Amino acid sequence: MHIAVASGKGGTGKTTVTTNLATHAARQGRRVIVADCDVEEPNAHISLCDGFESQHTVTIPVPDIDQNACLGDSCGLCVELCRFKALILMAGEVMVFPELCHACGLCEEACPAGAVKRGEREVGAVRRGRIQSNILNNAPGSLTVLDGLMRVGEAMAPPLIHAVKAEAESLADRDDDAVLFVDCPPGASCPTIAGLKDADMALLVAEPTAFGLHDFKLALETVRVLGIPHAVVVNRSGMGDYRVEEYLVGESIPYLASLPMSMEAARAGSRGELLIDAVEELAAGYAELWAELEKTAQEVVACAK
């Protein structure tokens with residue numbers, strides 16, 4: 001079961017929902033993997049881990065020009081074909097701007113002189129968290145946390161997101177009963193789509209404010225275009241108004257739960273604590289949300305088969 005947790009804007013509590021749902025499911029006996037794909041600022045580890053037990057660097061291929069073999073001004077085909085302007089021809093030599101390269105490999109395929117070799121550029125690292133000892137408390141399930149941390153100055157998140165997801169999916173594929181939660185980057189751009197891709201369903205986290213409704217509609221349109229089954233949870237219900245709930249009912253959008261706002265929850269969150277451990281009302285709310293989400297996801301998976 002592969003569930004992508006997404007939102008139209010940052011700050012809706014998407015990671016909070018992911019970590020609390022994942023922990024609750026693990027305590028119910030499920031094998032749970034969390035893939036934090038918000039690689040510009042991953043933070044699922046704050047409430048679940050006390051460090052990282054391993055990490056490895058992720059690179060993407062970039063062109064490395066053999067100037068001795070390059071035909072220079074008499075050719076320029078690689079420069080002409082590059083849609084990302086990662087190559088320019090200057091003073092008879094091809095120069096590479098690796099930060100602009102999207103690793104499509106077209107320049108290497110097209111070069112008539114075989115002058116384009118394959119170099120590498122680091123984009124970030126995939127890390128595996130060390131779960132805090134008090135998270136599962138001898139519960140029958142298991143919990144694994146993976147995330148990606150982008151290299152400082154890196155502009156392209158999707159290659160690192162793909163690497164995090166590939167590792168998480170490999171772990172999930174070992175157990176038919178495993179649940180994979182992918183914490184997607186917020187918004188509706190390329191990183192979000194990379195996080196959503198291949199999900200069995202999306203859980204959209206909505207914020208009950210005017211901005212929240214506006215950006216929720218963008219996320220909703222994105223999953224509809226991608227054809228991903230989806231349902232909604234309203235987080236911090238009561239902090240604004242009820243226009244989001246009214247919109248969901250009016251549009252007949254699957255609406256699984258509302259998680260109430262409280263100062264107790266805000267304080268617990270600021271300390272990095274799990275809300276299901278700190279706030280009794282939210283412990284019940286997340287239990288209800290997981291029950292509804294699990295049922296909905298199982299129905300979606302069954303229909304897909």
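- The name given to the chain in an unreviewed UniProt entry is (4Fe-4S)-binding protein, with the source organism recorded as Oceanidesulfovibrio indonesiensis.

## What about unusual backbone geometry?
Next, step 1: Positive phi outside glycine occurs at Ala91, with the angle close to 55°.
Next, step 2: Assignment of secondary structure puts Ala91 in the loop between strand 4 (87-90) and strand 5 (93-96).
Next, step 3: The phi angle at Ala103 is positive, at roughly 60°, despite the residue not being glycine.
Next, step 4: Relative to the helices and strands, Ala103 is located in the loop between strand 5 and helix 4 (106-110).

## Some words on the sheet that holds strand 6 (residues 116-131)
Next, step 1: Spatially, 9 strands are ordered 3-6-7-2-8-1-9-10-11 in an open sheet, and the strand pairing comes out mixed. Two strands bound the open sheet, and with one partner strand each, they are strand 3 (49-65) and strand 11 (255-260). Averaged over all adjacent pairs, the angle separating strand axes in this sheet is 20°, with direction ignored.
Next, step 2: With 4 bridges connecting them, strand 1 (residues 2-6) and strand 9 (residues 201-206) associate as parallel partners. In the strand pairing of strand 9, Val5 is matched with Leu203.
Next, step 3: Seen against the sheet, helix 7 (residues 210-226) touches strand 9 and strand 10 (230-237) and runs at an angle of roughly 175° to strand 9.
Next, step 4: Where helix 8 (residues 243-250) meets the sheet, its contacts fall on strand 9, strand 10 and strand 11, and the angle it forms with strand 10 comes to roughly 160°.

## Some remarks on the pattern of salt bridges
Next, step 1: Applying the stated criterion across every chain yields a total of 15 salt bridges.
Next, step 2: In this structure, Arg128 engages Glu53 in a salt bridge whose closest nitrogen and oxygen atoms are separated by 3.3 Å. Taken together, the residues Arg128 in strand 6 and Glu53 in strand 3 connect sequence positions 75 residues apart.
Next, step 3: Exposure remark for Arg128: the relative accessible area of 28% places this residue in the partly exposed category.
Next, step 4: Between Asp147 and Arg127 there is a salt bridge, and its shortest N-O distance comes to 2.9 Å. With Asp147 in strand 7 (residues 142-150) and Arg127 in strand 6, this residue pair connects regions lying 20 residues apart in the sequence.
Next, step 5: Taking relative accessible area as the criterion, Asp147 reaches 1% and is therefore assigned buried.
Next, step 6: Among the charged side chains, a salt-bridge network with shared partners connects Lys9, Glu207 and Arg236.

## What to know about the pairing of strand 10
Next, step 1: For strand 10, a buried count of 7 out of 8 residues is recorded, marking the element as mostly surrounded by other parts of the structure.
Next, step 2: With 5 bridges connecting them, strand 9 and strand 10 associate as parallel partners. Within the sheet, the bridge partner assigned to Leu203 lies in strand 10 and is Ala231.
Next, step 3: Taken together, strand 9, helix 7 and strand 10 form a β-α-β motif whose crossover is right-handed.
Next, step 4: Taken together, the 5 bridges between strand 10 and strand 11 define a ladder with parallel strand orientation. By the bridge assignment, Asn235 is partnered in strand 11 with Leu259.
Next, step 5: Crossover connection from strand 10 via helix 8 to parallel strand 11: handedness right-handed.

## Remarks on the packing of helix 7 against helix 8
Next, step 1: Two elements in contact, helix 7 and helix 8, have axes whose closest approach is 9 Å; the angle formed by their N-to-C orientations is 35°. On helix 8, the residues that touch Ala210, Leu213, Phe216, Lys217 and Leu220 of helix 7 are Arg243, Val244, Tyr247 and Leu248.
Next, step 2: Considered class by class, the residues forming the contact of helix 7 with helix 8 number 7 nonpolar, no polar and 2 charged.

Definitions and limits used
Residues numbered from 1 in each chain as written. Predicted model: local features only at pLDDT ≥ 70, side-chain atom pairs only at ≥ 80, totals over all residues. Heavy atoms only, no water. Helix = DSSP H or I, 4+ residues; strand = E, 2+ residues; numbered from the N terminus. Pairing = 2+ DSSP bridges. Axes fitted to C-alpha atoms, helices over the stretch in contact; angles between N-to-C directions. Contact = heavy atoms within 4.5 Å. Salt bridge = Lys/Arg side-chain N within 4 Å of Asp/Glu carboxyl O. Buried < 20%, exposed > 50% of the residue type's maximum accessible area, 1.4 Å probe, protein only. Right-handed = clockwise from strand over helix to strand, strands pointing away. Nonpolar A, V, L, I, M, F, W, Y, C, P; charged D, E, K, R; others polar.

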